[in-house]
Every structure is written in C-alpha cells, then in structure tokens.
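Notes for the structure review
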Amino acid sequence: MDSLKVGVVGVGHLGQHHARIYAELMNTELVGVVDSSLDRVEEIAGRFDAPAYDDLDRFLDQQRPDAVSVVVPTVSHFAVARRLLERGINVLVEKPVTTTVEQAESLLQLAHKKHAVLQVGHIERFNGAVRYLTSELSDPLFIRSIRQGPFASRIADVGVVLDLMIHDIDIILSLVKSDVRSIVASGRSVCSDHEDLAVAHIVFENGTIADIASSRVSPHRTRTMEVTTTDRSYVVDFESQDISVIRAGHAVQGATSVEVTERPLFPRMEPLKLELEHFLSCVREGKEPLVGISDGKRALAVAIEILKQIQFRQ
C-alpha cells in the first residue's frame, strides 16, 4: 500500500495530537506541521521528526500532501479548509466545521467539485461507548446530557455551545432519526465574552425530547448522557467509555418491578486515533466519512439556533 502524505495545520493543544498519531500510523508520512507561531511549530516538528512551516502555501507547494488536518481556531476553519480544498487536498476539519451554515455549504460544494474527502472532527462519534450505543439503540424517547468542566482560557474564540455542547448536539442528531421541531435555550457569560454555561431543550418531530446542559465554569469535569427507550435506559460515561444498560424486569413477589443492570463489553481505543484512521481509509478508498460535512452543517445549524435563543434572552 502506498504511503499517504499528511500534514497538520494548527499544532496547539489538540493539533499536536493529530501530529503524534499521524507520525505513528503505518503507511502514513507526516510531511509537515504548520502554525503561525514559529517557536511552537518547531517544537512540535522536532518532537515528531517532521518539517516545520509557518506559511501554509509554502508547505503545500513544497510537500504536496494528500490529506491535511485543520486544527486552527474556529474562526479560521473556513478560510484554511477552502484553500486546501481548492487544491484538491482531502481535509479533516475540527468541530465546529465553520462559524456559519453558509460557509459549511460552500465547503460541501467545493469538496464535491474537487472530488475530495471532507470529514468533520466530531471525535465522540469514535468513542467506544457511542459506537456501541449507535449499534444498539432505536427510537429513543428521552435524552439527557451533561458536559462540563473548569474554564480553559486557551479557548477564547467561541463559547460553550460551539466548544462543548456541539459534541452532544452531533451525537443526539445521529441517534434521533427525525427533524427538529423546536428549540428553547438559555445561557450566560461568566468568565469570557461568550456564553460559559448553557442549557437547551430540543423537541423532535417524532416526539423525542433532548435536554442538554453544558458548562465550562464547573469545578468538576463530567461527560455523561442518559438515553431512555420504551424498555431500557442507557447511561453513558464518555470519559471512561462505559455504558450501563438498565432493563425493566417483571414483578416479583408483589414488587412493582426489578431493574436489571448490564455492563456490555466492547473495544475501548483512543477515539482520535480511530477518527484519523477512518479519515485516511476514506481518502484511500474514496468513500464518504462517518461524519461528513452534511453532519457537521446540521450540528452547526442547531448550535447557531441555540445561540440565537441565548442572545434573545440575555
């Protein structure tokens, strides 16, 4: 199998891990890392024995990569991804895909025109617990998620909705096979110029209800989701990649019910590694990614509606 030439644009907190994994993968050559900070890019390049660039066009002209991860701040996603797609380069762009639905649609059209793979980095879709849940679940009635943790000053360009809540929005949209009927949301700023905590209540056309709570001003880090169906509930811990399945039992000796809890076994691997391996397999085979631009655009549209609701209530 021919080796794929790959690169990473943006090697901050998350981008450095894209570079690490690409450097480890078989049949993959990390041909460059790019960042506006020369000191930072030289540090990461040295760590993974790759060329360093502080100019994107020079990297593209010299290395001609087959695929690139875009891990720059959200406000730059569209501009960087467009420049890559215009050259016919396959792209994985971190979530949220862009800052507007119109930008996402533009990237979709460009990727189609250039016959390029365009994957959106919704990493939780590659979490073992989510993969298990997706394979087992049908017709959820109610979904409740909580995603919270301490404030991280390194994330300054977006609020908690596009930073954290969008993970759960994407998962919920992938689980509920129905259009959104209504959204009610509220939130407030605490430590930044954006919303730092937010809650959203989503009702789907098929009757499914989802409640999402996100905060980046909590002292405790929590990543959980509960999904209720007609005969069982799933309790998901994204951090540990664990699921508890609670099934309703039959009445026993006058008791109203017996709950049976199961802890299913399934592979637990690094989600980012699975995500990047999937991206490169799509590049090699010319297939649609699990999380394509349409998924990213839909999640973004719901997130933007939640932001509008928050701004309306402030």
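Each residue is numbered by its place in its chain's sequence as written, counting from 1. In view of the model being predicted, local features appear only for residues whose pLDDT reaches at least 70, and side-chain atom pairs are presented and counted only at 80 or more, with totals across whole chains, interfaces and linings using the full set of residues. Heavy atoms from the whole structure form the basis of all side-chain values; hydrogens and water molecules are not counted.

If you look the chain up in an unreviewed UniProt entry, it shows as Putative dehydrogenase from Jonquetella anthropi DSM 22815.

1. Things to note about the overall build of the chain
Threshold: Think of it this way: any DSSP run of H or I at least four residues long counts as a helix, any run of E at least two long counts as a strand, and we number them from the N terminus. The globule rule used for comparison is 2.2 Å times the number of residues to the exponent 0.38, while the radius of gyration itself is calculated over C-alpha atoms. When a residue's accessible area, from a 1.4 Å probe over protein chains only, is under 20% of the maximum for its type it is buried; when over 50% it is exposed; and in between it is partly exposed. We call two residues contacting when some pair of their heavy atoms lies within 4.5 Å. Note on areas: Shrake-Rupley with a 1.4 Å probe; residue coverage comes only from the protein chains shown. The charge count includes Lys and Arg as positive and Asp and Glu as negative, but it does not include His or the ends of the chains. Where a charge lies is defined by one atom per residue type, namely NZ (Lys), CZ (Arg), CG (Asp) and CD (Glu).
For the chain, the count of helices and strands is 9 helices and 14 strands. Computed over its C-alpha atoms, the radius of gyration of the chain comes to 21 Å, within 12% of the 20 Å expected for a compact globule of 314 residues. A burial count over the chain gives 51% of its 314 residues as buried. Sequence-distant contacts, at least 24 apart, represent 67% of the contacts inside the chain between residues at least 6 apart. Accessible surface, the chain as shown: approximately 14,800 Å² in total, 49% of it carbon and sulfur. One finds the centroid of the 34 positive side-chain charges in the chain at a distance of 1 Å from the centroid of its 44 negative side-chain charges.

2. Side note on the domain arrangement of the chain
Threshold: The domain limits used here are those given by an automatic or database domain assignment. By buried area we mean the combined loss of accessible area, with a 1.4 Å probe, across both parts when two parts are placed together. Salt bridges are defined as contacts in which a side-chain nitrogen from Lys or Arg sits within 4 Å of a carboxyl oxygen from Asp or Glu. For this analysis, a polar contact is any N or O atom pair within 3.5 Å, provided that within protein one partner can donate a hydrogen and the other can accept it, and provided that sequence-adjacent residues contribute only side-chain to side-chain pairs. Residue classes follow a fixed rule: Ala, Val, Leu, Ile, Met, Phe, Trp, Tyr, Cys and Pro count as nonpolar, while Asp, Glu, Lys and Arg count as charged, and any other residue, Gly among them, counts as polar.
Each assigned domain of the chain is listed with its residue range as follows: domain 1 (2–122 + 269–290) and domain 2 (130–267 + 299–310). Relative to domain 2, the C-alpha centre of domain 1 lies at a distance of 28 Å. Taken together, the contact pairs 14 residues of domain 1 with 14 residues of domain 2. Taken together, both faces of the contact between domain 1 and domain 2 bury some 1,200 Å²; the carbon and sulfur share is 65%. Remark: the boundary between domain 1 and domain 2 carries 1 salt bridge. As a salt-bridge pair, Lys95 and Asp163 come within 3.9 Å of each other at their nearest N and O atoms. Between the two partners, domain 1 and domain 2, sit 2 residue pairs in polar contact (both at pLDDT 80 or more). Here the side of domain 1 that touches domain 2 is composed, by residue class, of 7 nonpolar, 6 polar and 1 charged.

3. Considerations on the sheet that holds strand β8 (residues 180–188)
Put simply, the rule reads: The pairing criterion for strands is at least two bridges between them, as found by DSSP. Orientation is described by lines fitted to C-alpha atoms, with helices fitted over the stretch in contact, and by angles between N-to-C directions that extend from 0 to 180 degrees.
Within the open sheet, the 8 strands sit side by side as β8-β9-β10-β7-β11-β12-β13-β14. Their pairing is mixed. At either end of the open sheet lies a strand with only one pairing partner, and these are β8 and β14 (259–262). Direction aside, the axes of adjacent strands within the sheet are offset by 10 degrees on average. Contacting β7 (142–148), β8, β9 (197–204), β10 (209–215) and β11 (222–228), helix α7 (residues 160–175) runs over the sheet at an angle of about 155 degrees to β10.

4. Remarks on the nonpolar core
Keep this limit in mind: Throughout, nonpolar core names a set of buried Ala, Val, Leu, Ile, Met, Phe, Trp, Tyr and Cys residues whose side chains join them through atoms within 4.5 Å.
Formed by 73 residues in total, the largest nonpolar core has its most connected members in Leu84, Val161, Ile169, Met225, Ile243 and Ile306. Among the elements that make up this core, the one with the highest residue count is α7 (11 residues). Each of domain 1 (2–122 + 269–290) and domain 2 (130–267 + 299–310) accounts for three or more of the residues forming this core. Sequence-distant contacts of Leu84, that is, excluding residues within four places in its chain, are made with Leu56, Leu60, Val68, Val70, Ile89 and Val91. Membership of the second largest hydrophobic core comes to 25 residues, among which are Val8, Ala50, Val71 and Leu272.

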